[in-house]
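# Coordinates in review
In case you want the letters, here they are:
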Amino acid sequence: MNSTAKLLILLTSFLCLFLLITLFKFLHKYWWIPLRIQYALSLQGIKGPPYEFIHGNNKASVQFRKEALNKPMAALTHDIFPRVLPQFYSWTNIYGTQAQLVISEPELVKKVLKNIEGSFPKKKAEGFIYKLLGDGLLTTEGEKWARHRKLANHAFHGESLKSMNPAIIAAVETMLEKWKGQEGKEIEVFEQFRLLTSEVISRTAFGSCYLEGEKIFQMLTKLSILATRNLYKSRIPGISKIRKTTDEIESEKLAKGIHECVMEMIKKREEKIVTGEADSFRSDFLGLLVNAFHDSDDKNRLSLEDLVDECKTFYFVGQEMTKSLLTWTVLLLSIHSDWQEKARREVIEVFGDKNPHSEGISKLKTMNLIIYETLRLYPPVFAISRKVARDVQLGKLIIPVNMEIMIPIIALHHDPQLWGDDVHLFKPERFAEGIAKATKYNTAAFSPFSLGPRSCVGMGFANTETKIALSMILQRYTITLSPAYIHAPFPQFMLQPQHGLQVMLHSLQSDA
Ligand code: HEM
C-alpha cells in the first residue's frame, strides 16, 4: 500500500470517528436524556405530554399559544393565566399540579429558588436570548455572578438608590410636560411609560439620556421580539451554522449593532478621564463597571465582553419590567376609582403638591398595597426557569439531572387554593396585614421578584420609580379607562398589553 492510500484510510477513519462521536452526542442530548427523564418520572407516577424527537413539546406549545392569543378576552377579567401560559394551564389540568417540569407548589418553588445546595442553577443562555442578554447578571452563574451581583447591589441599593430620586423626578416631569393639553383626550400610556422608564434607566445607571441610548433600546426591543417569536421553535442542532433563518440573520445584525453602540458609550465615559473633563468614572452603574474593567487586580477585573453584556442586561431589564408594572397599575386604578381616590388622598397627605421625597415614599402604605395586588394579578415576569444540576430529591420525588424546571409565577398568583375564591378580583386590602398573612404563610405563593439569592436586584429601584411616577400623576390627574382599550395581556418577554393602554386624563386643577 502506498503512502497516499494510507493517508486516505487514516483521514477516512478520522472522519468516521468524528461523525460517530457527533451522532452519539446528538442522540445523547435529543433522545437519551429526554427519554431517561420521562422514564425516571413515570416510575414515580408522574405523567406529562409525550416527548417528540428534537422538538420536545415545542410544536404543541406554539399551537396553544397561537390559539390563546388569537382569542379575544371576555371583558375585563383578571383571570389571565390560561391566556399567558396556555400550554402550562392545559397540561396542569390534564396531568395534575405535581408535574415536575412545571412546579406550582409554593414549598417546592421555595426550595428550587433558594437553591441552597446549588442543585438548581440557571439554564445557560443560548441563541436569541444569548444575543439579547449575553452572559450578564440575569443569566450568568458561579463566581462571576457573585462578583457582578456585588457591583449591582452597590449601584441599586441604599444611599445610591436615594440619590437617584432627583433624576427619576426630572424624567417624570418631562413626561408630564408632554401630557399638558391632553386633558379630556385619550392618551396611550404604555408607550409613554416605555419612554419614561428608558429615560430613567439611562439617567440613573448610565449617566446619559434616552435619546443617547435610543438606538440601543430600539435594537434590544427588536431582538426581544425575535427571541419571543423563536422561543418554541426547534432547529436541528448545527443547522444554523449551514443555513440561517431570516430571524437568525437579523438577530446577528442587531447583536452586532448593540455591541457597537454600547462600546461607543463606554469609550465616551473613558474619554472624559483622558481629556480631564472628569477625575473618576463616576459612581453610577456604568461608572462601577468601567472602573472594574480597569481594575489592576486580575481577580476583580471585568472583561470587555462582560462589561458590554451587563450594559445590555440593565438597559433592557431596567426599563422593560417597570414599564409593565406601571402600565398594569394604571389600568387597575383607572377601573377601580375608589382605590385611585384612596391612593391620591394618601399622596396629597404625604407630599401635598410638592415633589416626592425619600422619607415620604416609605410612608405610601395604600400605594404599596395597590402595587402588590397589581404584581400579583399581572406579574411582569410571569415564569422563571431553572435546570437540575444533579439527581435531586424535591418533595417526594427524585428529579433527574438535566431536567428543566419551569415555575409559572402567574399560576401561583392565580391559584384559588392559595388565595381563596376571590383570587381573580382586584383587592389590595388582602395585603393589609403583610404578605405572610395574605398568602396564609405560604410566602412563596407571592414571588413577583423571585426569591433567594437570584431574586431581583432592581426591586427597590423599580418600586421607587413606580411610586414616584404614580404619585406625580395622581397629584395632577384623575384617570379613567378609554372605551378604545382592548384587554389582551400579552407575553412578550414580560407581560404587556397587546394593544397598548388607552386612558383619559382629567385635570384635577380644572375639576376643582
Ligand atoms: C416591576 C419590576 C421588576 C420585576 C417584577 C422584576 C422581576 C424579576 C424577577 C422575577 C427576577 C428573577 C428572574 C429569574 O430568576 O430568572 C429578576 C431578576 C433580576 N432583575 Fe428584576 N424585576 C423588575 C425590575 C428590575 C429592574 C428595574 C432592574 C434593573 C435596574 C432589574 C434587574 C434584574 C436583574 C439584573 C436580575 C438578575 C439578578 C440575579 O440573577 O442576580 N429588575 N427580576
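The shown structure was predicted, so the numbers you read here are calculated from the model rather than taken from an experiment.

Take the overall build of the chain next. Secondary structure assignment for the chain yields 23 helices and nine strands. Within the chain, the fraction of its 512 residues that count as buried is 49%. The long-range share in the chain, meaning contacts at least 24 apart out of those at least 6 apart in sequence, stands at 73%. Of the roughly 25,000 Å² of accessible surface on the chain, a fraction of 58% belongs to carbon and sulfur atoms.

A word on the coordination of the iron atom of the ligand. Inspection of the coordination sphere of the iron atom of the ligand shows a single protein donor, Cys456 (SG), at 2.3 Å. Mapped onto the secondary structure, Cys456 falls in the loop between helix H21 (435-438) and helix H22 (459-476).

Moving on: unusual backbone geometry. You will see that Asn115, though not glycine, has its phi angle at about 45°, which is positive. Residue placement: Asn115 occurs in the loop between helix H5 (106-114) and helix H6 (127-133). Residue classification places Asn115 among the buried residues on the basis of a relative accessible area of 18%. With phi around 70°, Ser450 is a residue other than glycine that occupies positive phi space.

Attention shifts here to helix H13 (residues 246-274). Counted at 1.5 Å a residue, the expected span for H13 with its 29 residues is 42 Å, and the 42 Å between its end C-alpha atoms agrees. Immediately beyond the C-terminal end of H13, within one or two residues, lies Gly276, with a positive phi of roughly 80°.

The next subject is the site of the ligand. Around the ligand, a shell composed of 26 residues is seen, among which Trp145, Arg149, Arg386, Arg454 and Cys456 lie nearest. Separating an oxygen atom of the ligand from a backbone N or O atom of Leu137 is a distance of 3.4 Å. In the model, an oxygen atom of the ligand is placed 2.7 Å from a nitrogen or oxygen of the Trp145 side chain. Within the residue set of the shell around the ligand, elements represented by two or more residues are helix H7 (142-156), helix H15 (304-335), strand S2 (384-387) and H22. Broken down by element, the shell around the ligand gets its largest block of residues, six residues, from H15. Tallied by class, residues from the shell around the ligand come to 17 nonpolar, five polar and four charged.

Here is what the cut-offs are and how they apply
Residues numbered from 1 in each chain as written. Predicted model: local features only at pLDDT ≥ 70, side-chain atom pairs only at ≥ 80, totals over all residues. Heavy atoms only, no water. Helix = DSSP H or I, 4+ residues; strand = E, 2+ residues; numbered from the N terminus. Buried < 20%, exposed > 50% of the residue type's maximum accessible area, 1.4 Å probe, protein only. Contact = heavy atoms within 4.5 Å. Areas by Shrake-Rupley, 256 points an atom, 1.4 Å probe, with all protein chains shown as cover. Donors = N, O, S within 2.8 Å, 3.2 Å for Na, K, Ca; no water. Expected span 1.5 Å × (residues − 1). Near = heavy atom within 4 Å. Polar contact = N/O pair within 3.5 Å; in protein donor to acceptor, adjacent residues only side chain to side chain. Nonpolar A, V, L, I, M, F, W, Y, C, P; charged D, E, K, R; others polar.

These figures capture arrangement, not role.
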